[in-house]
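Each chain, written out:
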Amino acid sequence: EPEVTQTPSHQVTQMGQEVILRCVPISNHLYFYWYRQILGQKVEFLVSFYNNEISEKSEIFDDQFSVERPDGSNFTLKIRSTKLEDSAMYFCASSSSGREGLFGPGTRLTVL
Amino acid sequence: GENVEQHPSTLSVQEGDSAVIKCTYSDSASNYFPWYKQELGKRPQLIIDIRSNVGEKKDQRIAVTLNKTAKHFSLHITETQPEDSAVYFCAARESDYKLSFGAGTTVTVRA
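Residues numbered from 1 in each chain as written. Chains lettered and ligands numbered in written order. Predicted model: local features only at pLDDT ≥ 70, side-chain atom pairs only at ≥ 80, totals over all residues. Heavy atoms only, no water.

Caption draft 1: Structural view of the side chain of A:Ser48. As for its placement among the helices and strands, A:Ser48 is situated in strand S5 (residues 44-50). Residue classification places A:Ser48 among the buried residues on the basis of a relative accessible area of 1%. For A:Ser48, the side chain forms a polar contact with the side chain of A:Ser55, separated by 2.8 Å. Setting aside its immediate chain neighbours within four residues, A:Ser48 contacts A:Phe32, A:Tyr33, A:Glu53, A:Ile54, A:Ser55, A:Glu56 and B:Tyr97. (Helix = DSSP H or I, 4+ residues; strand = E, 2+ residues; numbered from the N terminus. Buried < 20%, exposed > 50% of the residue type's maximum accessible area, 1.4 Å probe, protein only. Polar contact = N/O pair within 3.5 Å; in protein donor to acceptor, adjacent residues only side chain to side chain. Contact = heavy atoms within 4.5 Å.)

Caption draft 2: Representation of the pairing of strand S11 (residues 105-110) of chain B within the structure. All names here are of chain B. Only one face of S11 is covered, namely the one carrying Thr105, Val107 and Val109; the face carrying Thr106, Thr108 and Arg110 has none of its residues buried. Of the strand pairs in this sheet, strand S2 (residues 10-14) and S11 are connected by 5 bridges, and their pairing is parallel. If you follow Ser12 over to S11, its bridge partner there is Thr108. Note that strand S9 (residues 86-95) and S11 share 3 bridges and pair antiparallel. Looking across to S11, one finds that Tyr88 is bridged to Thr105. (Pairing = 2+ DSSP bridges.)

Caption draft 3: Structural context of the sheet that holds strand S3 (residues 19-25) of chain B. All names here are of chain B. Spatial ordering of the open sheet is given by S1-S3-S8-S7-S6, a layout of 5 strands whose pairing is antiparallel. Looking along the sheet, the strands with just one partner apiece sit at the ends: strand S1 (4-7) and strand S6 (56-59). With direction set aside, neighbouring strand axes in the sheet form an average angle of 15°. In terms of strand pairing, S6 meets strand S7 (residues 62-67) through 4 bridges, oriented antiparallel. Looking at the pairing, Glu56 lines up with Thr65 of S7. (Axes fitted to C-alpha atoms, helices over the stretch in contact; angles between N-to-C directions.)

Caption draft 4: Fine view of the interface of chain B and chain A. Each partner contributes residues to the interface: chain B has 20 residues there, and chain A has 23 residues. Summed over both partners, the interface of chain B with chain A buries about 2000 Å², with 51% contributed by carbon and sulfur atoms. Counting across the interface, chain B meets chain A through 1 salt bridge. Residues A:Glu3 and B:Arg43 are paired through a salt bridge, measuring 3.8 Å at the closest nitrogen-oxygen approach. For the side of chain B that touches chain A, the elements supplying multiple residues, two or more each, are strand S4 (32-38), strand S5 (45-51), S9 and strand S10 (98-101) of chain B. The residue inventory of the side of chain B that touches chain A, partitioned by class, reads 9 nonpolar, 4 polar and 7 charged. (Buried area = accessible area lost by both parts, 1.4 Å probe. Salt bridge = Lys/Arg side-chain N within 4 Å of Asp/Glu carboxyl O. Nonpolar A, V, L, I, M, F, W, Y, C, P; charged D, E, K, R; others polar.)

Caption draft 5: Here's a closer look at the environment of B:Ser12. Residue and element names in this part refer to chain B. When you line up the elements, Ser12 lands in strand S2. Sequence-wise, Ser12 and Ala91 are 79 residues apart; in three dimensions their C-alpha atoms are separated by 22 Å. For Ser12, the residues in contact, after removing those within four places along its chain, are Thr108 and Arg110. Side-chain polar atoms of Ser12 contact the side chain of Arg110, separated by 2.6 Å.

Caption draft 6: Spotlight on the layout of surface pockets. Taken as a whole, the largest pocket encloses approximately 370 Å³ of empty space. In this structure, the largest pocket is lined by 19 residues; those nearest its centre are A:Gln37, A:Leu39, A:Gly40, B:Gln38 and B:Leu40. When contributions to the lining of the largest pocket are tallied by element, the ones reaching two or more residues are strand S9 (88-95) of chain A together with S9 of chain B. Here the lining of the largest pocket is composed, by residue class, of 8 nonpolar, 8 polar and 3 charged. Taken as a whole, the second largest pocket encloses approximately 260 Å³ of empty space. What lines the second largest pocket is a set of 15 residues, among which A:Lys42, A:Phe45, A:Glu59, B:Lys98 and B:Ser100 lie closest to the centre. (1 Å grid on protein atoms, 1.4 Å probe; cavity = no way out; pocket = protein on both sides within 12 Å on 5 of 7 lines; lining within 4 Å. Points joined across faces, edges and corners; volume = space filled by probe spheres on them.)

Caption draft 7: Spatial organisation of the side chain of B:Arg43. Locating B:Arg43 in the fold gives a position in the loop between S4 and S5. One polar contact links the side chain of B:Arg43 to the main-chain carbonyl oxygen of A:Phe103, over a distance of 2.9 Å. Each residue touching B:Arg43, except ones within four places of it in the same chain, is listed here: A:Glu3, A:Val4, A:Phe91, A:Phe103, A:Gly104, A:Pro105, B:Lys37 and B:Gln38.

Caption draft 8: Focus on the packing of aromatic side chains. Residues and elements named next belong to chain A. On inspection of all chains with the given rule, the structure shows 18 aromatic pairs over all chains. Ring centres of Tyr35 and Phe103 lie 5.2 Å apart, and the angle between their planes is 35°; on these two criteria the pair is classed as tilted. Of this pair, Tyr35 sits in strand S4 (residues 31-37) while Phe103 sits in strand S10 (residues 102-103), and the two are 68 residues apart along the sequence. Each member of the pair, Tyr35 together with Phe103, is buried. (Phe/Tyr/Trp six-rings, centres within 6.5 Å; stacked < 30°, edge-to-face > 60°.)

What follows is the structure, given as C-alpha cells:
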C-alpha cells in the first residue's frame, strides 16, 4: 500500500535558522497538506496545496512559512528564522479527493 | 472557521467493554467527519469516516454516528481490546482544503 513519506524524521536547529521539511505524497494524489502537533496537543492545520498553489492557510501559517512543490514528487515546508515555539511534530498529508487524508510519519522539529 | 470540541479527554475502559467518544462542530457547512487513531509517537491513522448525507457507518467493531441537526458525531468502539489503547481524534472538514481537529481522547483499555 502506498504511503506518504517524510524526511528527516528529526531535525534539530538553532533559533533563527531556516529549516526545510520534505514530503513525498502518494503519487496520484492531488491535494497536499501540512499539519503540526505540539507535544501532547491536537493536530493543527497549517496549509493546503492544490493545483500548484496554496488553496487555504491557517492563521499559524504566516510569512515565516512557505510551501513549494519543486518537482513532480516532493512537497516542502520551509520555516524561516525558526522560533522556540516552532518546536513540534510536522505532518504532511495527501489526498486524492480532498476528503480522506493519509498522513506521513512526521518530522520532529526541535528548536534550541 | 470551524471549531471542534471533543469529550472526554481521557477514557479508561475494561477490556471487552464499549468506548464512546463524542464531538461537536460549529460550522454547518462541514460535510465530512473522519476519525483518526494515533499511537504514541506515530502518525494519525484514519480509522473511519462519515459524510454528511449518512447518519451511521460501521466497520467491524467501530461505528460512527452523525447528527447534522445537532452538529455532533460520535465514535463507538465495541468489545475493546488492549490494542485499541491510543489517542483518538475527531475532525471536521469544512472545505476540500482544511481539516479541523478535536483535542483528542486518550483511551486506555485495561486488561
